[in-house]
Amino acid sequence: MGSLNGKIALITGAARGIGQAIALRLAGEGADLVLCDLNQEWLEETATKARALGRRVECASVDVSNADSVQKGVAALTEQFGRIDVLVNNAGITKDQFLLRMSEADWDAVLDVNLKGTFLFTKVVAKQMLKQKAGAIVNIASIIGLIGNAGQCNYAASKAGVIALTKSAARELASRGIRVNAVAPGFIQTAMTDKLTADVKEAMLRNIPLNTLGTPENVADAVHFLASDAASYITGQVITVDGGMVMS
């Protein structure tokens, strides 16, 4: 579907779950990795698995919501590798609560990590890609940003913002050879969904035409496609990986 041999991929939120699956998929396709996350113990686990695939891997503790941290982290990593060919903005958090009970702090925290973090990394890495006159940026959104969800006003707003940011950045950067796309996962099998009761899972599955939860690897497949030259004529798009849950 598209080799990434010789490419350098930077992935945020790479310590576990979807981020780890993306890292390992891109490494398996030949990319050397720059991994960012605040949890260094879990991040090193991802790095160890990627190195076992024969890839060069560097890790950095970066606060995606802090402009200075992002700037310094990317500068140091770019100096080591010389270029960044692929950026995957995956870092994200949830702080769920119904609108009338949601605190301003929880609203700000989710928007800062999910949306501002995507903005900051895109801005800094795009400057490097402009020098190269090439690059692929893949933002991890969510179907919640497309359809909303009770108890997730902050998360839905952040992911809808990521989708809008993706489309606008794609228009701005296309003339310089930089593609910007997004992947919007649906219900993905993770440690969180593993804890759900059978009744809750059954209710979720009723809304999924393929009648199964997705896996982190399903999301990683879509990211790999968009990061590769197989998607060289695709930009400004949102690919839903949701088993058919959202159709439009």
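Look above for the structure.
Before going into details, it helps to say that this report is about the structure given with it. Being a predicted model, the structure only gives us computed values, none of them experimental.

## Notes on the nonpolar core
Residues Ile11, Ile22, Leu26, Leu33, Leu35 and Val183 are the most contacted members of the largest nonpolar core, which totals 32 residues. Sorting the residues of this core by element identifies β1 (8–12), α1 (17–28), β2 (32–36), α2 (40–51), β4 (86–89), β5 (135–140) and α9 (216–227) as the ones contributing at least two each. Not counting chain neighbours up to four residues away, the residues in contact with isoleucine 22 comprise Ile11, Val88, Asn90, Ile140, Ala220 and Val223. The next biggest cluster of nonpolar side chains, apart from the first, holds 27 residues, and it includes Val62, Val70, Val74 and Leu87.

## What about helix α3 (residues 67–81)?
End to end, α3 covers 21 Å across 15 residues, agreeing with the expected 21 Å (1.5 Å per residue, within 8%). For α3, the set of buried residues is Ser69, Val70, Gly73, Val74, Leu77, Thr78 and Phe81. Looking straight down α3, one finds that the buried residues subtend no more than 145° of arc, so they occupy a single side. The exposed residues of α3 that point more than 90 degrees off its buried face are Lys72 and Glu79. Looking at the buried positions of α3, the neighbouring elements they touch are β1, β2, β3 (57–60) and α4 (104–132). Between the side-chain oxygen of the N-cap and the backbone nitrogen of aspartate 68 there are 3.0 Å, and the N-cap of α3 in question is asparagine 66.

## Brief notes about the state of the cysteines
Considering all chains together, one arrives at zero disulfides under this definition. Cysteine 36 takes part in no disulfide bond, and the closest cysteine sulfur to it belongs to cysteine 59, at a distance of 8.5 Å. Residue cysteine 36 is classed as buried on the basis of its relative accessible area of 2%.

## Structural notes on the packing of aromatic side chains
Taken as a whole and assessed by the stated rule, the structure comprises zero aromatic pairs. The cationic tip of arginine 16 hangs over the ring face of tryptophan 42; the distance from NZ or CZ to the ring centre is 4.0 Å. Over the ring of phenylalanine 81 we find arginine 56; its NZ or CZ atom is 4.0 Å from the centre of that ring.

## Side note on empty space enclosed by the protein
Summed over all chains, the structure comprises one cavity of 30 Å³ or more. There is about 40 Å³ of room inside the largest cavity. What lines the largest cavity is Thr12, Val64, Asn89, Asn90, Ala91, Val113, Asn114, Gly117, Thr118 and Phe121. Considering every element that reaches the lining of the largest cavity, the biggest residue donor is α4, with five residues.

## Focus on the sheet that holds β2
Ordered in space as β3-β2-β1-β4-β5-β6-β7, the seven strands form an open sheet in which the pairing is parallel. The open sheet has two edge strands with one neighbour each: β3 and β7 (238–241). Each strand axis lies, on average, 15° off the axis of its neighbour in the sheet, ignoring direction. Pairing analysis gives four bridges linking β2 to β3, with the strands arranged parallel. The residue bridging cysteine 36 from the neighbouring strand is alanine 60, located in β3.

## Quick notes on the pattern of salt bridges
Scanning the model with the defined rule gives nine salt bridges in all. Aspartate 32 is the partner of arginine 55 in a salt bridge, and the nearest nitrogen-oxygen pair spans 3.2 Å. Note that arginine 55 is positioned in the loop between α2 and β3 and aspartate 32 in strand β2, a separation of 23 residues in sequence. Take arginine 55: its relative accessible area is 22%, and that puts it in the partly exposed class. By relative accessible area, which is 16% here, aspartate 32 ends up buried.

## What to know about the environment of alanine 169
Assignment of secondary structure puts alanine 169 in helix α6 (residues 153–173). Taking the C-alpha atoms as reference points, alanine 169 and threonine 122, 47 residues apart in sequence, are found 8.6 Å from one another.

Parameters at a glance
- Residues numbered from 1 in each chain as written.
- Predicted model: local features only at pLDDT ≥ 70, side-chain atom pairs only at ≥ 80, totals over all residues.
- Heavy atoms only, no water.
- Core = buried A, V, L, I, M, F, W, Y, C linked by side-chain atoms within 4.5 Å.
- Buried < 20%, exposed > 50% of the residue type's maximum accessible area, 1.4 Å probe, protein only.
- Helix = DSSP H or I, 4+ residues; strand = E, 2+ residues; numbered from the N terminus.
- Contact = heavy atoms within 4.5 Å.
- Expected span 1.5 Å × (residues − 1).
- Arc of directions from axis to C-beta.
- Polar contact = N/O pair within 3.5 Å; in protein donor to acceptor, adjacent residues only side chain to side chain.
- Disulfide = S-S within 2.5 Å.
- Phe/Tyr/Trp six-rings, centres within 6.5 Å; stacked < 30°, edge-to-face > 60°.
- Lys NZ or Arg CZ within 6 Å of the ring centre and 35° of its normal.
- 1 Å grid on protein atoms, 1.4 Å probe; cavity = no way out; pocket = protein on both sides within 12 Å on 5 of 7 lines; lining within 4 Å.
- Points joined across faces, edges and corners; volume = space filled by probe spheres on them.
- Pairing = 2+ DSSP bridges.
- Axes fitted to C-alpha atoms, helices over the stretch in contact; angles between N-to-C directions.
- Salt bridge = Lys/Arg side-chain N within 4 Å of Asp/Glu carboxyl O.

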